[in-house]
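Structural characterization, general
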Amino acid sequence: MGITWKKIFGVTNIYCNSVKCKCIVICGRQIPFKKQPPFFERVKDILTRYIFSLFKIRKNSVLLIEPNPYHGEILPGFVKYFQDLGYNVDLFLRYQNVKDSSLLAFDNINIFPCSALCMKEILKNKKIKNYEFCFLTSSALWDSKLYFGSFLDYLGFVPKTKNGILMVEHNIDPCFEEYDEEKYLKENRLFTLSGFHDTPILNPHFFINLKSRPKNKVTTFIVSGHSIKSEKILHEVSLKLLVNNTNNFKIYILGKKFEISNELKEHVFSLGYVSFKTMYEKLEESDFILPLLDYTNKDHKKYLEGTTFGARQQCLGFLKPVLINEHFAKVYDFDDKNAILYNENNLFEAMTAAINMKQDNYLKMQNNLKNLQQIVYNKSLENLRKSTLR
């Protein structure tokens, strides 16, 4: 009963040609392993291509493409912008982003999971011309197992739609010049997450529908990301709080595992990599976000010049104030009314102020953050609207 692989593909054998398995054969077609997805992913690609061949593209549709096996957290924000402009949205995602979908707030989008190679093959399909735009949520394909460079260079062509492509550059320095993207900026087809270097901003800070919450009795901080930007500072400040008899706080660390000393085990919790659902729950439960940006660290200077730190989107989306060094605050429009600022690396004083903050002051800070959120959203939406006028 139902659709079987044999009914779809006429598959009679899937096997390796030799013990060394230099290629696989599906329906008589040899597929080399070099720069190919793993076997079962390749089989799923075939199913995705088949489904897309039967798929009827809706009127006034855009195709969003995230070529990387990460960046899943930015997708809801981009989907919302296009939907708010009245577009239908279809989405090409890598399998890694589908396994733990960040798109919890949507039930009216079509998602096509596939490998980067499958994206390349499907984008040659003539049906792509039925889309109003092809929107690259990341201009680069940075996959150490496959390719490191411009996604358009990887494709070898520009997808053909009714009105061409739009894209987001996450790292304007050095990618803007290296990928020859100036022409897209001049044509009003390129955005950045924070509007660095006089580029139009398109900031995806929508995650789920939520309401602001009051401050917890035990002040809760959250750190999230693939890496903890200043592990030593976090450890030292946490210990200093306890030494000063400040113990009504908790810190949740999501992402990279953090080695917790025995003294901190009742206050600091390292959860490792978690699902988006769990991450959203922890962000909702928290009071403040710790980006842990260090102005004296050369590796962090990029967050002043062309790369946006992910906690900014979380701060705006979940209305959780950040504790941030004043040098970085200026770049992202944070001030002492919507965030807690500190100079040098004096995070201790900032965390103490956060822990001691009264409920009414916390709600005022959230309201001011809501105002910033609306400013960023309106500006981003207007930039996208202007870009779609072709």
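Before reading on, note that the structure itself is shown above.
Below: a short report on this structure. It should be emphasised that the depicted structure is a prediction, and the values quoted were computed from it without experimental measurement.

Reading the values: rules and limits
- Residues numbered from 1 in each chain as written.
- Predicted model: local features only at pLDDT ≥ 70, side-chain atom pairs only at ≥ 80, totals over all residues.
- Heavy atoms only, no water.
- Buried < 20%, exposed > 50% of the residue type's maximum accessible area, 1.4 Å probe, protein only.
- Helix = DSSP H or I, 4+ residues; strand = E, 2+ residues; numbered from the N terminus.
- Pairing = 2+ DSSP bridges.
- Axes fitted to C-alpha atoms, helices over the stretch in contact; angles between N-to-C directions.
- Contact = heavy atoms within 4.5 Å.
- Patch = residues over 30% accessible without salt bridge, like charges linked within 9 Å, V, L, I, M, F, W, Y side chains within 5 Å.
- Areas by Shrake-Rupley, 256 points an atom, 1.4 Å probe, with all protein chains shown as cover.
- Salt bridge = Lys/Arg side-chain N within 4 Å of Asp/Glu carboxyl O.
- 1 Å grid on protein atoms, 1.4 Å probe; cavity = no way out; pocket = protein on both sides within 12 Å on 5 of 7 lines; lining within 4 Å.
- Points joined across faces, edges and corners; volume = space filled by probe spheres on them.
- Nonpolar A, V, L, I, M, F, W, Y, C, P; charged D, E, K, R; others polar.
- Polar contact = N/O pair within 3.5 Å; in protein donor to acceptor, adjacent residues only side chain to side chain.

Attention now goes to the pairing of strand β13 (residues 249–255). With six of seven residues buried, β13 is to be regarded as a mostly interior element. Pairing between strand β12 (residues 219–225) and β13: seven bridges, direction parallel. Across the sheet, Gly225 pairs through a bridge with Gly255, a residue of β13. Sheet topology places β13 next to strand β14 (residues 268–272); four bridges connect them, and they run parallel. Following the sheet pairing, Tyr252 is matched in β14 by Phe269.

Backbone-to-backbone hydrogen bonds join strands into a sheet, with any given pair of strands oriented parallel or antiparallel. On the basis of which strands lie adjacent, the open sheet formed by six strands has the order β6-β5-β4-β7-β10-β11 and parallel pairing. This sheet does not close on itself; its edge strands, each paired only once, are β6 (110–113) and β11 (190–192). Strand-to-strand twist in this sheet, taken as the mean axis angle between neighbours without regard to direction, amounts to 20°. Relative to the sheet, helix α3 (residues 75–84) contacts β4 (61–65), β5 (88–93), β7 (133–136) and β10 (165–169), its axis offset from that of β5 by approximately 155°. Against the sheet, helix α15 (residues 359–387) touches β7, β10 and β11, its axis set at about 170° to β11.

Bringing α3 into the picture now. Judged by how many residues are buried, α3 sits mostly within the fold: seven of ten residues are covered. Along α3, the residues that are buried comprise Leu75, Pro76, Gly77, Phe78, Val79, Tyr81 and Phe82. If you follow the buried residues of α3, they end up packed against β4, β5, β7, β10, α10 (276–285) and α15.

Next up on the list: a nonpolar patch on the surface. On the surface, Tyr50, Ile51 and Leu54 cluster together to form a nonpolar patch covering roughly 280 Å² of accessible area. Examined against the element boundaries, Leu54 turns out to sit in helix α2 (residues 39–54).

Applying the stated rule across the entire model yields three cavities of 30 Å³ or more. The computed volume of the largest cavity comes to approximately 40 Å³. Its residues placed into classes, the lining of the largest cavity shows two nonpolar, two polar and four charged.

Mapping Ser61 onto the fold places it in strand β4. A polar side-chain atom of Ser61 sits 2.8 Å from the main-chain carbonyl oxygen of Arg58. With residues near it in sequence (within four places) discarded, Ser61 still touches Asn88, Tyr131, Glu132 and Phe133.

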